[in-house]
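Structure assessment
Residues per chain are reported as follows:
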Amino acid sequence: SMASPALLMRVVASAYSVAEKAATIVRNVMAGGDLGIVEKTGANDLQTKADRLVQMSICASLARKFPKVTIIGEEELPTDEVTEELIEDGHCEEILKKTCPAQYAGIKEEELVIWVDPLDGTKEYTEGLLDHVTVLIGIAYGGKAIAGVINQPYYNYEAGADAVLGRTIWGVLGIGAFGFQLTEAPAGKHIIVTTRSHSSTLVNDCISALNPDSVIRVGGAGNKIIQLIEGKASAYVFASPGCKKWDTCAPEAILHAVGGKITDMHGNSFQYNKEVKHMNSAGVLATLRNYDYYASRIPNTVKQSLVP
């Protein structure tokens, strides 16, 4: 008889279905018209009914199946009983058919940490920039992001009524990443993707120093990593604190699975063990290719003002 799939593959397969359920919730809240917006720390730090319901759905669904896994979500929520309609019990068969990389085959539940951003790009969601929005489920082991799921609930939403809405991208280190067409940015072009709603003098000074051909300003860390892996941008540069572990865990796993690189502005890799501080306080630098080109051009003034 076939051995049952390794825990990691079961977690990723479940996270895939959980993310698809999350996308349905995100679309339903928007279609319902009442977003239930709450300001957390200010006008650029919002929470909607979708953030709340999706986090409850993801965390409760995964906790029910994998009770010993640590799950850390962005939103501070009361631990109410979650209604059954928010629970997703399914999994993606195709993921279970893949062989788990040997170095992850013996992982136990209590060794995994799942970082959840229920709705990355909340501000854009409230403004109707729906293609910026992603649902992020990142899976870490030994402090490293090793697997991730990114769902784009509104992928294709401008493609007309018969287009299939939404897509799910997933990846595991040592297997690869799936659900999109890996594309490199045009050779010799320096296209930087950066923040849309969290700009600052430092953010802009850093970008100017890199002398880019063009700059794309979009919401969501998940969305920015997708710009890299689909060849729309050559570097994601964010010289500011503000990004958190749940923003980078899933995108990092997918980027690393296809040979890219993400660090803070000093070149330090991110740590994802459960005790770690949530803020990526020294910014973000990510590329699919040519990481060293950008890293070597970050001004020292920028590095000095961002303390890891």
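What counts, and at which threshold
- Residues numbered from 1 in each chain as written.
- Predicted model: local features only at pLDDT ≥ 70, side-chain atom pairs only at ≥ 80, totals over all residues.
- Heavy atoms only, no water.
- Helix = DSSP H or I, 4+ residues; strand = E, 2+ residues; numbered from the N terminus.
- Rg over C-alpha atoms; globule rule 2.2 N^0.38 Å.
- Buried < 20%, exposed > 50% of the residue type's maximum accessible area, 1.4 Å probe, protein only.
- Contact = heavy atoms within 4.5 Å.
- Areas by Shrake-Rupley, 256 points an atom, 1.4 Å probe, with all protein chains shown as cover.
- Lys, Arg positive; Asp, Glu negative; His and termini not counted.
- Charge placed at Lys NZ, Arg CZ, Asp CG, Glu CD.
- Pairing = 2+ DSSP bridges.
- Axes fitted to C-alpha atoms, helices over the stretch in contact; angles between N-to-C directions.
- Phe/Tyr/Trp six-rings, centres within 6.5 Å; stacked < 30°, edge-to-face > 60°.
- Salt bridge = Lys/Arg side-chain N within 4 Å of Asp/Glu carboxyl O.
- UniProt positions renumbered as here; feature names shortened; annotations may be inferred.
- Polar contact = N/O pair within 3.5 Å; in protein donor to acceptor, adjacent residues only side chain to side chain.

**Things to note about the overall build of the chain**
Of the regular secondary structure elements, the chain holds 9 helices and 13 strands. Here the C-alpha radius of gyration of the chain, 18 Å, is about what a compact globule of 308 residues would show, namely 19 Å. Considered along the principal axes of its C-alpha atoms, the chain spans approximately 55 × 45 × 40 Å. Looking at the chain as a whole, 54% of its 308 residues qualify as buried. Relative to all contacts within the chain whose residues are 6 or more apart in sequence, the contacts with residues 24 or more apart total 71%. Only carbon and sulfur atoms are counted for the fraction: they give 49% of the accessible area of the chain, which is about 13,200 Å². Positive and negative side-chain charges in the chain, numbering 28 and 35 respectively, have mean positions lying 5 Å apart.

**What about the sheet that holds strand β12 (residues 261–263)?**
Two orientations exist for strands paired in a sheet by backbone hydrogen bonds: parallel and antiparallel. Read from one edge of the open sheet, 5 strands run β10-β9-β11-β13-β12, paired in mixed fashion. In the strand order of this sheet, the two ends are held by β10 (214–217) and β12, each with one partner. On average, adjacent strands in this sheet sit at an angle of 20° to one another, irrespective of strand direction. Contacting β12 and β13 (284–287), helix α7 (residues 245–257) runs over the sheet at an angle of about 145° to β12.

**Examining the packing of aromatic side chains**
In this structure the tally under the stated criterion is 6 aromatic pairs. Between the aromatic rings of W115 and Y272, the centroid separation amounts to 6.4 Å while the plane-to-plane angle is 70°, which identifies the pairing as edge-to-face. Note that W115 is positioned in strand β4 (residues 112–120) and Y272 in the loop between β12 and β13, a separation of 157 residues in sequence. According to the relative accessible area criterion, W115 is buried, its value standing at 0%. Assessed through its relative accessible area of 0%, Y272 is described here as buried. Relative to Y157, the ring of Y154 lies with its centre 6.1 Å away and its plane at 70°, an arrangement referred to as edge-to-face. The exposure class assigned to Y154 is buried, which follows from its relative accessible area of 6%.

**Remarks on the pattern of salt bridges**
Taken as a whole, this structure holds 10 salt bridges when the rule is applied. As a salt-bridge pair, E84 and R64 come within 2.8 Å of each other at their nearest N and O atoms. On the criterion of sequence distance, the pair formed by E84 in the loop between β3 (70–73) and α3 (93–96) and R64 in helix α2 (residues 49–65) is long-range, its members being 20 residues apart. Close ionic contact of K123 with E127 constitutes a salt bridge, the shortest N to O distance being 2.7 Å. One salt-bridge network, in which partners are shared between bridges, spans K40, D45, E74 and E75.

**Some remarks on the UniProt feature "binding site: Mg(2+)" (unreviewed entry) in the chain**
Following the UniProt record, the feature "binding site: Mg(2+)" (unreviewed entry) maps to E74, D117, L119, D120 and D247 here. Despite a sequence span of 174 residues, these residues sit close together in the fold, their greatest C-alpha distance being 9.6 Å. The topology assignment puts E74 in the loop between β3 and α3. Those residues in contact with E74 that sit more than four places away from it in its chain are K40, Q55, V116, D117, P118 and W246. Within the structure, the side chain of E74 is placed 3.3 Å from the side chain of K40, a separation counted as a polar contact. Structurally, the position occupied by L119 is in strand β4. A residue is classified by how much of its surface remains accessible, and L119, at 1% relative accessible area, is buried. Residues contacting L119, with those up to four places away along its chain left out, are V26, T48, A50, D51, Y125, V133 and T134.

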